[in-house]
Amino acid sequence: MKKFNFTLKRMRDYKNQILEGEKGYLLSLYSEYNQLESRYNDLNNEMKNVCLESSDALKNGISVRDIQVFEMKKSSIRREQSQLRIQMNVMESSIERQRRVVVRLSQEVSGLDKLEEKQRAEYDYLVTKENEQIIEEFLSFKISKGSDESFDMNEM
């Protein structure tokens, strides 16, 4: 019997290659999201520092102009945080879409892997049956050959 050959191997390899590319893209989306999140957290810390600094300055007495500067800093931070939040929401939806693509491709590749396992099991079963048949033929040949020799001995 000829060697086992999975007929859809090239398709599975191609889908695997696509899957790896899509996983890479998903990882880059996660990386970009993490950078946005890190910047957002940095802005939170910066806002806390500005609030503490302005609170301390108010206790010690500052000019109206300095109060306006602190308020402008806070406003700027809030604006940037708002923009980051919008970008993060967009990234979250992009990540979810890409995650669905990766899951779908993973299922397709997994289906092809299961099909290969099933075909290999069928192939192994047929090989076993063929081997059993060869052994049976060999034994029946040996038995018939052995009984022919015994008939030859009796005839002499």
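The structure reproduced in this document is the subject of the present report. (Residues numbered from 1 in each chain as written. Predicted model: local features only at pLDDT ≥ 70, side-chain atom pairs only at ≥ 80, totals over all residues. Heavy atoms only, no water.)

Quick notes on the overall build of the protein
- A count of helical and extended segments in the protein gives two helices and zero strands.
- Computed over its C-alpha atoms, the radius of gyration of the protein comes to 37 Å, more than 25% above the 15 Å expected for a compact globule of 156 residues.
- Here the C-alpha coordinates of the protein stretch approximately 135 × 25 × 15 Å along the principal axes.
- Of all 156 residues assigned to the protein, the portion counted as buried reaches 19%.
- Excluding contacts between residues fewer than 6 apart, the proportion of contacts in the protein whose partners are at least 24 apart in sequence is 85%.
- Side chains of the protein carry 26 positive and 28 negative charges; the gap between the two charge centres is 10 Å. (Helix = DSSP H or I, 4+ residues; strand = E, 2+ residues; numbered from the N terminus. Rg over C-alpha atoms; globule rule 2.2 N^0.38 Å. Buried < 20%, exposed > 50% of the residue type's maximum accessible area, 1.4 Å probe, protein only. Contact = heavy atoms within 4.5 Å. Lys, Arg positive; Asp, Glu negative; His and termini not counted. Charge placed at Lys NZ, Arg CZ, Asp CG, Glu CD.)

What about the environment of Gln-98?
- Position of Gln-98 relative to the elements: it lies in helix α2 (residues 64–155).
- Distance in space between the C-alpha atoms of Gln-98 and Lys-23 is 8.4 Å, their sequence separation being 75 residues.
- In contact with Gln-98, not counting residues within four places along its chain, are Glu-22, Tyr-25, Leu-26 and Leu-29.

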